[in-house]
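# Analysis of the macromolecular model
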Amino acid sequence: KGKKNQPALVIKTSGATYSVTDRFGIQNKIDQIREMFSAEKHKLPSVYLIHGDLTNAEMNALYNHKKIKAMLSFTKAEGFGRPLLEFTTTGKPVIAPHYSGPADFLNKEYITELPGGLTPIHATAQNDFLIGDAKWFTPDYKYASKVFKEIVKHYNKFLTRSRKHIKYSNDNFSSLAVTKHYDELFKYIDTKIGS
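The following refers to the structure shown. Since the model is a prediction, treat every value here as computed from it, not as a measurement.

### Comments concerning the overall build of the protein
Regarding its fold elements, the protein presents seven helices and seven strands. Along the protein, helices (α) and strands (β) appear in the sequence β-α-β-α-β-α-β-β-β-β-α-α-α-α when read from the amino end. With the C-alpha coordinates aligned to their principal axes, the bounding extent of the protein is approximately 75 × 45 × 35 Å. Here the contacts in the protein between residues at least 6 apart in sequence split such that 55% fall between residues at least 24 apart. For the protein, the exposed surface amounts to about 13700 Å²; the carbon and sulfur share of it is 56%.

### So, the packing of aromatic side chains
The geometry of an aromatic ring pair is captured by two quantities: the separation of the ring centres and the angle between the planes. As enumerated under the stated definition, the model contains seven aromatic pairs in all. Ring geometry for Tyr168 versus Phe173: centroids 6.0 Å apart, planes at 65°, classification edge-to-face. Taken together, a centroid distance of 6.0 Å and an interplanar angle of 15° make the contact between Tyr182 and Phe186 stacked. Of this pair, Tyr182 and Phe186 are both found in helix 7 (residues 175–194), four residues apart, which corresponds to roughly one turn of the helix. A connected cluster of aromatic rings, assembled from ring pairs, spans Phe105, Tyr110, Tyr168 and Phe173. Just above the ring of Phe24 sits the side chain of Arg23; from NZ or CZ to the centre is 4.9 Å.

### Observations regarding the packing of helix 6 (residues 164–173) against helix 7
Pairs of packed helices are described in terms of their axes, by the angle between the two and the distance that separates them. Packing of helix 6 against helix 7 leaves a shortest axis separation of 5 Å and a crossing angle of 40°. Taken together, the axis directions place helix 6 and helix 7 in an arrangement best described as oblique. Residue-level contacts link Asn170, Asp171, Asn172 and Phe173 of helix 6 to Ser175, Ala177, Val178 and His181 of helix 7. Split into classes, the residues belonging to the contact of helix 6 with helix 7 amount to three nonpolar, four polar and one charged.

### A closer look at the side chain of His51
Counting through the fold element by element, His51 comes out in strand 2 (residues 47–51). Only 2.7 Å separates the side chain of His51 from the side chain of Asp22, close enough to count as a polar contact. A polar contact is formed between the side chain of His51 and the backbone nitrogen of Arg23, at a distance of 3.5 Å. Those residues in contact with His51, other than ones at most four positions away along the chain, are Thr13, Ser14, Thr17, Tyr18, Ser19, Asp22, Arg23 and Ile26.

About the cut-offs
- Residues numbered from 1 in each chain as written.
- Predicted model: local features only at pLDDT ≥ 70, side-chain atom pairs only at ≥ 80, totals over all residues.
- Heavy atoms only, no water.
- Helix = DSSP H or I, 4+ residues; strand = E, 2+ residues; numbered from the N terminus.
- Contact = heavy atoms within 4.5 Å.
- Areas by Shrake-Rupley, 256 points an atom, 1.4 Å probe, with all protein chains shown as cover.
- Phe/Tyr/Trp six-rings, centres within 6.5 Å; stacked < 30°, edge-to-face > 60°.
- Lys NZ or Arg CZ within 6 Å of the ring centre and 35° of its normal.
- Axes fitted to C-alpha atoms, helices over the stretch in contact; angles between N-to-C directions.
- Parallel < 35°, antiparallel > 145°, perpendicular 65-115°, else oblique.
- Nonpolar A, V, L, I, M, F, W, Y, C, P; charged D, E, K, R; others polar.
- Polar contact = N/O pair within 3.5 Å; in protein donor to acceptor, adjacent residues only side chain to side chain.

Written out as structure tokens, the structure is:
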């Protein structure tokens, strides 16, 4: 808040559905946060909400748009995290926890890792799958705030490091690389079954 050259925030999300009601609910949450700050005292950054299903071409265009500078994820270990893997192929900085599913494909040397820890699942999020005694990963939000400022201030330093993730992702997770892994696995299985 209150900075001359403020980066904007683009949020690509949905709640439970891609309905108009869901979109209004998320927009309402954004507005509630903005209302916590007095407009006269603080110039707030712009926040853009992209809500709904995008085609592969639209997602690719979003990832590679010249005004999109980095990807941030506060993932709580909900699973694989395909958008994070896809974004690494842009070479732009990724800011995310190195925990659970994303740890399988995010190289710690090329991302900005968000520290954090396991915390009880909030009561409002509990359901048949997210049970009360379970825990999820909660990133250190104060650290993330510092990282935002650092990336804006020293973007090229972060960009130089993150560019190395392009080769890493393509070498290990492209269709060609995955097909090669499957071929090796099936050959190994065939040799064990045949012996």
